[in-house]
Amino acid sequence: MNPIESTDPALWQAISDEQKRQETTLEMIASENHVSPAVLAAAGTVLTNKYAEGYPGRRYYGGCQFVDVVENLARQRATELFRCAHVNVQPHSGSQANQAVFLAALSPGDTIMGLHLDHGGHLTHGKSVNLSGKWFRPVHYTVDAKTERIDMAEVRRLAHEHKPKLIITGASAYSRLWDWAAFAEIAQETGALLMADIAHIAGLVATGLHPSPIPYAQFVTTTTHKTLRGPRAGMVMTNADWAKKIDSAVFPGLQGGPLMHIIAAKAAAFGEALKPQFKQYCEQIIKNARVLAEELTRRGYRLVSGGTDNHLMLIDLRPRGENLTGVLVETWLQTAGIIVNKNMIPFDPRKPAETSGIRVGTPALTTRGLKESHMSQVADWFDRAVASQGDARILEHVRADVAHFTAAFPLPHITVSP
Ligand code: DSN
C-alpha cells in the first residue's frame with residue numbers, strides 16, 4: 001500500500017484519479033510526456049529533504065557531499081547530450097531559465113526581440129503581461145502570412161531597425177525547423193546576443209533530429225520535460241564566456257535552494273536520453289507526427305504551414321466549420337478522452353480564450369508505444385469528436401473506444417493504484 005493511501009485518503013484519491021485519467025486518455029498536448037519509472041522514482045526520493053544553495057563543491061550548507069554527486073551527474077550528462085561547454089541544471093522551470101539569461105545579459109529597459117506569441121512564440125519572450133515584456137522593450141517578429149514560416153526578411157529588418165540587445169529564438173507552437181545560422185548572422189550584423197529556447201524540441205536537438213543551436217547562440221534554454229522526457233523543470237546552456245554570469249543569475253540572482261530530487265530526475269532522464277533507444281524514440285515521434293498530419297489533412301483540416309517537421313502541428317479549425325473554436329473543440333475532445341489545448345493560429349481573428357486553432361503533438365503517444373499505423377485511428381477519433389458538434393452520445397462512444405484502446409498501451413509508470 002502506498003503510504004499516502006493510508007495517511008491521506010483525499011490526496012490519494014486525487015492522485016489515483018489523475019493516474020487513471022492519464023491511463024485511459026490519449027495525451028496529445030505537445031508539451032507533455034510520460035516519464036520513465038526511474039525518472040519518477042528519482043523525483044520521489046529523500047533528496048527532496050536537502051538544502052544545497054550554491055554549486056557542487058561550493059555550498060552554503062553542510063551535508064552536501066551526495067547531492068554534489070547528483071548535480072555533477074546531471075551536469076556531465078547534459079553537457080555530453082547537448083555538446084555544450086557549460087550547463088546550469090538548477091532552474092526550476094523554463095521560465096526561470098529564460099529569466100536567468102535576462103538577468104545575466106540585460107538591464108531593465110533593454111530591447112529584446114522574439115517570435116510573437118500569437119504566431120507560436122512564448123509568453124516569456126516579451127509578452128506584455130510577462131516580466132519579459134514589462135521590464136524590457138519587446139519587439140516581435142512574425143511568420144509570413146503566406147508560408148506561415150518565420151519571415152527572416154522581417155527578422156533582419158526589425159533587428160536593424162530596433163538594435164535589440166538580445167534576439168530570442170524558439171517557440172511553443174511552431175512546427176518547422178529553426179535556421180539558427182541565419183539568426184546568428186542577423187545577430188552578428190546588429191550586435192545582438194542570441195538565445196535559443198529549445199524547450200519543445202530539446203529531445204530532437206539532443207538526438208540530432210533537429211539542428212542544434214549550440215554552435216550559434218550564446219544562450220540555449222530548455223525545459224526538461226517535453227520531448228526530452230524528464231521531470232518538469234528547466235536548464236540553461238552557455239559558453240565559457242557566460243558560464244559564471246549565468247550561474248550567478250540562477251543562484252543567488254533568481255533562486256534559493258535547488259530542488260535536488262528534481263535535479264536527480266534530470267540526471268536520470270539525461271542518462272536515458274544518451275542511450276540509442278532514445279534516438280529511436282525521437283525518430284518515432286517525428287514519424288508519428290508526419291503521419292498524423294497527413295491523416296488530419298485528408299479529413300479536411302488545415303495545418304498551419306501545411307504540415308510539420310517536428311513533434312507538433314497547429315490545426316486551423318475554420319475549414320471544418322464556421323462555428324468551431326479551439327475552446328469548444330478542446331472541451332469536446334476532452335469528453336472523448338483526447339487531451340489537447342486550444343491555441344492561437346497566426347493572424348487569428350479570435351481571442352486567446354477562444355482561438356481558431358488546436359495544437360497537438362505526438363511525444364506522449366509515442367512514449368506509450370503508438371506507431372504510424374495507429375495514427376489513422378487517432379485521427380478518426382479526433383474527427384468524430386469534432387464532427388459530433390458536442391453530441392454527448394457520440395463523444396461517449398469515442399470515449400469508450402479510446403479507453404479500450406489505451407488499455408493495450410500502459411503508461412511507463414510505477415503503479416500507485418492498490
Ligand atoms: N506551457 C508550455 C507549452 O505548452 O508549450 C510552454 O511553456
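Asker: What exactly am I supposed to notice about the site of the ligand here?
Answerer: What surrounds the ligand is the set Ser31, His122, Ser172, His200, Lys226 and Arg359. In the model, an oxygen atom of the ligand is placed 2.7 Å from a nitrogen or oxygen of the Ser31 side chain. In the complex, the protein chains occlude 63% of the 230 Å² of accessible area that the ligand would expose alone. In the shell around the ligand, the residues fall into no nonpolar, four polar and two charged.

Asker: I tried to follow the sheet that holds strand S15 (residues 357–361) on my own but got confused; where do I start?
Answerer: Within a sheet, each strand pairs with its neighbour through backbone hydrogen bonds, oriented either parallel or antiparallel. The four strands are arranged S11-S12-S15-S14 in an open sheet whose pairing can be described as antiparallel. Looking at which strands have only one partner, the edges of the open sheet turn out to be strand S11 (302–303) and strand S14 (341–343). The pairing of S14 with S15 spans three bridges and is classified as antiparallel. Bridging from a neighbouring strand, Lys342 pairs with Ile358 of S15. Contacts from helix H12 (residues 276–298) reach S11, strand S12 (312–316) and S15 within the one sheet, and its direction differs from that of S12 by about 15 degrees.

Asker: Would you take a moment to explain empty space enclosed by the protein for this structure?
Answerer: The gaps of empty space that remain are located by a probe, the size of a water molecule, rolled over the atoms. Tallied over the full model, the rule gives three cavities of 30 Å³ or more. Ala171, Tyr174, Trp178, His200 and Ile201 are, among the 15 residues lining the largest cavity, the residues nearest its centre. Grouping the constituent residues of the lining of the largest cavity by class yields nine nonpolar, five polar and one charged. Estimated volume of the second largest cavity: approximately 50 Å³. Taken together, His119, Glu148, Ala173, Tyr174, Ser175, Val304, Ser305, Leu314 and Pro346 form the lining of the second largest cavity. Its residues assigned to classes, the lining of the second largest cavity shows five nonpolar, three polar and one charged.

Rules of the game
- Along each chain, residues carry numbers from 1 onward, in the same order as the chain's sequence is written.
- The model is predicted, so local features are restricted to residues of pLDDT at least 70 and side-chain atom pairs to those at 80 or more, both for listing and for counting; the totals for chains, interfaces and linings are taken over all residues.
- The side-chain figures draw on all heavy atoms in the structure; neither hydrogens nor water molecules are used.
- Near residues are defined by distance, with any heavy atom within 4 Å of the molecule or strand qualifying the residue.
- In protein, a polar contact requires one atom able to donate a hydrogen and another able to accept it; more generally it is a pair of N or O atoms within 3.5 Å, and residues adjacent in sequence count only if both atoms are side-chain atoms.
- Accessible surface area values rest on a Shrake-Rupley calculation with a 1.4 Å probe, where residue burial reflects the displayed protein chains alone.
- Gly is placed with the polar residues, together with every amino acid not listed as nonpolar (Ala, Val, Leu, Ile, Met, Phe, Trp, Tyr, Cys and Pro) or charged (Asp, Glu, Lys and Arg).
- Two strands form a pair only when DSSP identifies at least two bridges running between them.
- The helix count covers DSSP runs of H or I at least four residues long, the strand count covers runs of E at least two residues long, and both are numbered beginning at the N terminus.
- Whether two residues are in contact is decided by their heavy atoms: any pair within 4.5 Å suffices.
- To define axes, lines are fitted to C-alpha atoms, for helices over the stretch in contact only, and angles between the resulting N-to-C directions are given on a 0 to 180 degree scale.
- Space inside and on the surface of the protein is sampled on a 1 Å grid over the protein atoms alone, with a cavity defined as a set of points where a 1.4 Å probe fits but cannot get out and a pocket as an open set with protein on both sides within 12 Å along at least 5 of 7 lines; lining residues have an atom within 4 Å of a point.
- Grid points are joined across faces, edges and corners, and a volume is the space filled by probe spheres set on the points.

Honestly, it's all geometry; don't read function into it.
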